[in-house]
Amino acid sequence: NIELTREHLTNPKFWFIVFGMPSLLGLCLPLLNFGLMRLSVLLNDFENYRTESEYRTFLIIKVFSFRFVCYFATLYYYAFVSTGNDNSINNGILRVATGVLVYTTVAQWWQNTLQIGFPFLIKKLRMNHRRQRLAEELRNIELLEGETSDNKFRQIKITNKRLLLEQAQDDVWLEVMNPPHDSFPEYIQAVVQFTFVSCFSVVLPITPCLVLFNYLISMRLDAYKLCKARRRPLAVKTGGIGVWEHVLHIVAVISIFSNCWFIGLSAQFRGLAENKEIGELGLFAIIV
C-alpha cells in the first residue's frame, strides 16, 4: 500500500521489486517446467494407462495444471489478496500488469532460446565433432591404403571401412541424430498464451499485441525446428485436437470469472459499491 511518487519511481529497489523479481521468476520457469514435466511423465507411467490416447489425455491434464499454477499463481495472488482501500487495490493490479508483461516477454523469449537456441548450438558442436571424426577416419584409411601389403584380409577390411565411411556421410544419418518431433510443447505454449490473453487483457490491454508478436516469431522458429532440428514426423489422422479443446473451454470459463473480478476491482465500479442504493450486492449483480 504505497503511493507511486517520484521518489519511488527513481528508486532502483522499487523497479527491482516490480520488474526484477518477476523477471528472475520468469527465467526460472523453464527449469521448473522441465522438472514438473518429468514428474508428470513419472506419475503417468506409474498409473499405467491402457491406451496411448488415455495416457496422453491425463498427461496433458497434469502438465496444464502444473503450468497454470507456475505462471498464474502469483498473478492471482496479487489480484485477489490486494483488498482494502483503492490505493492497495491499484498497487495489486499494477503488480499483475507488470507480471503479465514480464511473462509474455522475458519468460517467453527465454523459453524460445532454451528450446531453439541451445539445441541448435549443441547440434552445431556435435556436427563439428562428427566432421572432425570423419576427416580423421578418412586420413587413417588413406594412410592404410598407401601402405604396400599383399594381405587380402587387410585389404578387405580397409575396403569395408571406406564403405562404412561413405555411408556415414549420408544425409539419413544426420536426420537420425535429431530427436523425434513432438507437438506437445507447441500446444501447451499456445494454451498458456491464450490464458494470458483471455484472463489478463483487461489488466494489460497490450497483451494480445505481445502474444501476436511472440507467435509471429514462434511460427518461424517452429518451422525451422521442424525442418532442420527434428526427424521427419509421421502424419497421423485425427478428428480434432482432443483434450486440448476441453482445456481451452476450462480456460474460457476461468477467464470469465477473472475478468468479472478485475472489473469489480476497478475504480469506476468501486464507486458503485459505495453507493448506498446499489451496495456490494448490487455491484455483484451488475458484474454478472
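Up top is the structure these notes are about.
Residues numbered from 1 in each chain as written. Predicted model: local features only at pLDDT ≥ 70, side-chain atom pairs only at ≥ 80, totals over all residues. Heavy atoms only, no water.

**A word on helix α11 (residues 279–287)**
- Among the residues of α11, Gly279, Gly282 and Leu283 are the ones counted as buried. Viewed end-on, α11 has its buried residues packed into an arc of 100 degrees, placing them on one side of the element. Residues of α11 that are exposed and point more than 90 degrees away from the buried face comprise Leu281, Phe284 and Ala285. (Buried < 20%, exposed > 50% of the residue type's maximum accessible area, 1.4 Å probe, protein only. Helix = DSSP H or I, 4+ residues; strand = E, 2+ residues; numbered from the N terminus. Arc of directions from axis to C-beta.)

**Structural notes on unusual backbone geometry**
- One non-glycine residue, Asn48, adopts positive backbone phi at about 60 degrees.
- Along the polypeptide, Asn48 turns up in the loop between α2 (12–47) and α3 (52–81).
- For Asn48, a relative accessible area of 61% translates into the label exposed.

**Some details on the side chain of Ser40**
- Positionally, Ser40 belongs in helix α2.
- You can call Ser40 buried: its relative accessible area is 0%.
- Aside from chain neighbours lying at most four places away, what touches Ser40 is Leu59, Lys62, Val63 and Phe66. (Contact = heavy atoms within 4.5 Å.)

**Notes on the environment of Ser23**
- Looking at the element boundaries, Ser23 is found in helix α2.
- Beyond its immediate sequence surroundings of up to four residues, Ser23 is in contact with Val102 and Val106.

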